[in-house]
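A look at the structure
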Amino acid sequence: MQKVIVITGTRKGIGKELAEHYLSQGFMVCGCSRGEASIIHGNYRHFCLDVNDEKAVASMVRNVKKEFGCIDILLNNAGIASMNHILTTPYKTIQNIFNTNVFGSFLFIREVAKVMVQNFKKTKTQKRIVNFATVATPLRLEGEAVYAASKAAIVSFTQVLAKELSEFNITVNAVGPTPVPTDLIKNVPKEKMQALLNQQAIKRFGEFKDVLNVVDFFIDEKSDFITGQIVYLGGVNG
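As a starting point, this report considers the structure included with it. On a predicted model such as this, the values are computed, not experimentally measured, just so you know.

A short note on the side chain of Lys151
Its place among the elements puts Lys151 in helix H5 (residues 145–165). Buried charge without a partner: Lys151 forms no salt bridge, and the closest opposite charge is Glu144, 10 Å away. In this structure the side chain of Lys151 is engaged in a polar contact, spanning 2.8 Å, whose partner is the backbone oxygen of Phe132. Those residues in contact with Lys151 that sit more than four places away from it in its chain are Asn101, Phe132, Ala133, Thr134 and Thr137.

If you want it as structure tokens, here you go:
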């Protein structure tokens, strides 16, 4: 049976690569971004929205449910970052980061989980939610206090919601990538990136395949006993 997967932030970067990968695996992929679709595929559905727009998120999830009847997997990929010393961080920056990273993730988890719970009551099938954390949190990186704090909230969400949703056969886990060369880090000075890599056990940038390996593990049907876990890449301990 064809699985339905919702992925946030699919216009570029890791989100786009995830969408293209799961399309190649025969999934029905429903993605979103603030811009127009950058993926053209018969099994892809795109929604233009801001992830912190409650009405837009609820509408997207309703439309996915209306067309397909269920949602099997949610990948909460959408996120933004900013590197500033706390003394030079504008209030608007923390608002923007929390709006996307925390409130956006919350809205998608809440709305998609509602659909998953309804489906569980009918079919008892397994469902998966995978959130995106970051090594910036356990490494306590200077200059990334706001970004790290937003992702610390995601870690807490993941661990608590794993308990709240377990009775409905929904697992909730998170992957914490090391820096992957995408638009998210393109403006970070090279010396800052190197200092971060030096704190890892494996001192290199992450690659898409590294992230995909963990996501595939979490959503695999055999991983039904794995929940509330945060996997940090690069040899970083949470």
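Brief notes about the pattern of salt bridges
Applying the stated rule across the entire model yields nine salt bridges. For Arg45, the salt bridge identified is with Glu67, shortest N-O distance 2.9 Å. One end of the pair, Arg45, is in strand S3 (residues 44–48); the other, Glu67, is in helix H2 (residues 54–68), and 22 residues separate them in sequence. On the basis of relative accessibility, which here comes to 44%, the residue Glu67 falls in the partly exposed class. Among the salt bridges present, the one from Lys114 reaches Glu111, with a minimum N-O distance of 3.3 Å. Pair noted here: Lys114 and Glu111 are both in helix H3 (residues 91–123), with a separation of three residues, about one helical turn.

Brief notes about the layout of surface pockets
When its volume is computed, the second largest pocket comes out at roughly 240 Å³. Together, 14 residues line the second largest pocket, and Lys3, Asp72, Thr125, Gln126 and Lys127 are the ones closest to its centre. At the level of secondary structure, the elements contributing two or more residues to the lining of the second largest pocket comprise H3 and strand S5 (127–132). Looking at the lining of the second largest pocket residue by residue, the classes come out as four nonpolar, five polar and five charged.

Analysis parameters
The residue numbering used here restarts from 1 in each chain and proceeds along that chain's sequence as written. Restriction of local features to residues with pLDDT of at least 70 applies here, the model being predicted, together with a cutoff of 80 or more for giving and counting side-chain atom pairs; totals for whole chains, interfaces and linings are based on all residues. In computing side-chain properties, one takes all heavy atoms of the structure into account and sets aside hydrogens as well as water. The numbering of helices and of strands both runs from the N terminus, where a helix is a DSSP run of H or I of at least 4 residues and a strand a run of E of at least 2. Think of it in three bands: residues with accessible area under 20% of the maximum for their type are buried, residues over 50% are exposed, and the middle band is partly exposed, with areas taken using a 1.4 Å probe on protein chains only. Only four residue types enter the charge count: Lys and Arg as positive, Asp and Glu as negative, with His and the chain ends excluded. A pair is scored as a salt bridge if a Lys or Arg side-chain nitrogen falls within 4 Å of a carboxyl oxygen belonging to Asp or Glu. Polar contacts, as counted here, are pairs of nitrogen or oxygen atoms within 3.5 Å of one another; within protein the pair requires one atom able to donate a hydrogen and one able to accept it, and residues that are adjacent in sequence qualify only if both atoms are side-chain atoms. We call two residues contacting when some pair of their heavy atoms lies within 4.5 Å. Points on a 1 Å grid, built from protein atoms alone, make a cavity when a 1.4 Å probe fits but cannot get out and make a pocket when they are open with protein on both sides within 12 Å along at least 5 of 7 lines; residues with an atom within 4 Å of a point are the lining residues. Grid points are joined across faces, edges and corners, and a volume is the space filled by probe spheres set on the points. Each residue gets one label: Ala, Val, Leu, Ile, Met, Phe, Trp, Tyr, Cys and Pro are nonpolar, Asp, Glu, Lys and Arg are charged, and the others, such as Gly, are polar.

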